[in-house]
Amino acid sequence: MTTLAFDLYIRATPEQVWQALTDPELVPRWRFGMSFETDWRTGSPLTSHAPDGSGTVTQCLPGRRLVYDWIQTDQAESNGGHSSTVMYELGAMGEITQLSVVHSNLDPEGLFLKVVQPGWPMLLSSLKTLLETGRPLPFHT
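Note that the structure is a prediction, hence the values are computed from the model and not measured. (Residues numbered from 1 in each chain as written. Predicted model: local features only at pLDDT ≥ 70, side-chain atom pairs only at ≥ 80, totals over all residues. Heavy atoms only, no water.)

Asks: I'd love a proper account of the layout of surface pockets, names of residues and values included.
Replies: Counted as a void, the largest pocket has a volume near 490 Å³. Contributing to the lining of the largest pocket are 22 residues, with Arg31, Pro51, Val115, Val116 and Leu123 lying nearest its centre. Within the residue set of the lining of the largest pocket, elements represented by two or more residues are strand 5 (65–72) and helix 3 (111–133). Counting residues per element, the lining of the largest pocket draws most heavily on helix 3, which supplies eight residues. A class-by-class count of the residues in the lining of the largest pocket yields 15 nonpolar, six polar and one charged. (1 Å grid on protein atoms, 1.4 Å probe; cavity = no way out; pocket = protein on both sides within 12 Å on 5 of 7 lines; lining within 4 Å. Points joined across faces, edges and corners; volume = space filled by probe spheres on them. Helix = DSSP H or I, 4+ residues; strand = E, 2+ residues; numbered from the N terminus. Nonpolar A, V, L, I, M, F, W, Y, C, P; charged D, E, K, R; others polar.)

Asks: Could you give me a rundown of the pattern of salt bridges, with the residues and numbers involved?
Replies: Tallied over the entire structure, the rule returns four salt bridges. Measuring nitrogen to oxygen at the nearest pair gives 2.3 Å for the salt bridge that ties Glu89 to Arg65. Note that Glu89 is positioned in strand 6 (residues 84–93) and Arg65 in strand 5, a separation of 24 residues in sequence. Glu132 is paired through a salt bridge with Lys128; the nearest N and O atoms lie 2.8 Å apart. One end of the pair is Glu132 and the other is Lys128, both in helix 3 and four residues apart, which spans about a single turn. (Salt bridge = Lys/Arg side-chain N within 4 Å of Asp/Glu carboxyl O.)

Asks: Please provide a residue-by-residue account of helix 3, values included.
Replies: Helical geometry: 3.6 residues make up each α-helical turn, so side chains three or four residues apart lie on a common side. Here helix 3 is 23 residues long and its end C-alpha atoms lie 33 Å apart, about the 33 Å a rise of 1.5 Å per residue gives. Within helix 3 the residues assigned to the buried category are Phe112, Leu113, Val116, Gly119, Trp120, Leu123, Leu124, Ser126, Leu127 and Leu130. In this structure, the buried residues of helix 3 make contact with strand 1 (2–10), helix 1 (14–22), helix 2 (27–30), strand 5, strand 6 and strand 7 (96–106). At the exit of helix 3 stands Gly134, carrying a positive phi of roughly 90 degrees. (Expected span 1.5 Å × (residues − 1). Buried < 20%, exposed > 50% of the residue type's maximum accessible area, 1.4 Å probe, protein only. Contact = heavy atoms within 4.5 Å.)

Asks: Outline the environment of Gly81, supporting the account with residue identities and numerical values.
Replies: Here Gly81 lies in the loop between strand 5 and strand 6. Each C-alpha atom, one on Gly81 and one on Asp107, is 9.1 Å from the other, the two residues being 26 residues apart in sequence. Those residues in contact with Gly81 that sit more than four places away from it in its chain are Ile71 and Ala76.

Below is the structure:
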């Protein structure tokens, strides 16, 4: 399996970053329309729209760490028929938050990896820009 890892530094508090990661009003702004339905509690189910998917929140430590498993339900075969795992870790550095993102359990031969590998840098850049300027990047996807 393949794992992607990204680190970025955002001029925002961990609470502000956490809100952008979990607030149903903010998530679609930096994720190009993708939204999640969940209460973000450990063990809770989650569903997504645009693209449609489902999963489970496997760990939730507000302001510090969020982990969930997810599979795109209409194209499960794109990741070898199994879910992948996304983990966010937040660390305070004065006025800055270090955000580490790890996306694991990716099929190295799958179409899903070919989409998310270039997609994560775009998403994370949009998240950083949204938090620092109030507006996400205007990528046209």
